[in-house]
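Structural overview for review
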Amino acid sequence: MVLEVALIDVIPGQEDEFAAAYRTAHPVLADTPGCRSVRMTRGVESPTRFVLLVEWDSVEAHEVNFRQTDRFARWRGLIGPHFAGPPLVEHFVDVPA
């Protein structure tokens, strides 16, 4: 399992519109083959900052099954207009205890 973490800064004043767009766009991402779970969080101290957490079967599932398909264009078309800048996206794996 791979965790995608996307740090998203939203244009000030568009936080509610972004959240509404995310609700519409959620199934586009969540229904992608290889996607295990999707969660969006919002900053308390920085309310224009959102963090998207997506569990994927693999980095390839994210890159091939989502980013290289029309799903990504639909997703970005819905939420992208609210971005203050490009999101910072990285992948992480669990560290054994």
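Before reading on, note that the structure itself is shown above.
Figured I'd write up the structure that's included with this text. (Residues numbered from 1 in each chain as written. Predicted model: local features only at pLDDT ≥ 70, side-chain atom pairs only at ≥ 80, totals over all residues. Heavy atoms only, no water.)

By the secondary structure assignment, Ala-21 is in helix α1 (residues 15–30). Residue class for Ala-21 comes out buried when judged on its relative accessible area of 9%. Setting aside residues up to four positions removed in sequence, Ala-21 forms contacts with Leu-78, Ile-79 and His-82. (Helix = DSSP H or I, 4+ residues; strand = E, 2+ residues; numbered from the N terminus. Buried < 20%, exposed > 50% of the residue type's maximum accessible area, 1.4 Å probe, protein only. Contact = heavy atoms within 4.5 Å.)

Attention shifts here to helix α2 (residues 59–67). Among the residues of α2, Ala-61, His-62 and Phe-66 are the ones counted as buried. Projection of α2 onto a plane perpendicular to its axis shows the buried side chains occupying an angular sector of 95°, all on one side. Lining the buried residues of α2 we find β1 (2–9), α1, β3 (49–56), α3 (70–79) and β4 (88–92). (Arc of directions from axis to C-beta.)

Below, the discussion takes up the packing of aromatic side chains. Overall, the coordinates contain 6 aromatic pairs when judged by the stated rule. Centroid distance Tyr-22 to Trp-75: 6.3 Å. Interplanar angle 85°. Geometry classified as edge-to-face. Here Trp-75 lies in helix α3 and Tyr-22 lies in helix α1, a separation of 53 residues in the sequence. Like Trp-75, Tyr-22 is buried. Taking the centre distance of 6.1 Å and the plane angle of 40° together, the rings of Trp-56 and Phe-66 count as tilted. One end of the pair, Trp-56, is in strand β3; the other, Phe-66, is in helix α2, with 10 residues separating them in the sequence. No difference in accessibility class separates Trp-56 from Phe-66, as the two residues are buried. An aromatic cluster of at least three residues, connected via ring pairs, comprises Tyr-22, Trp-56, Phe-66, Phe-72 and Trp-75. (Phe/Tyr/Trp six-rings, centres within 6.5 Å; stacked < 30°, edge-to-face > 60°.)

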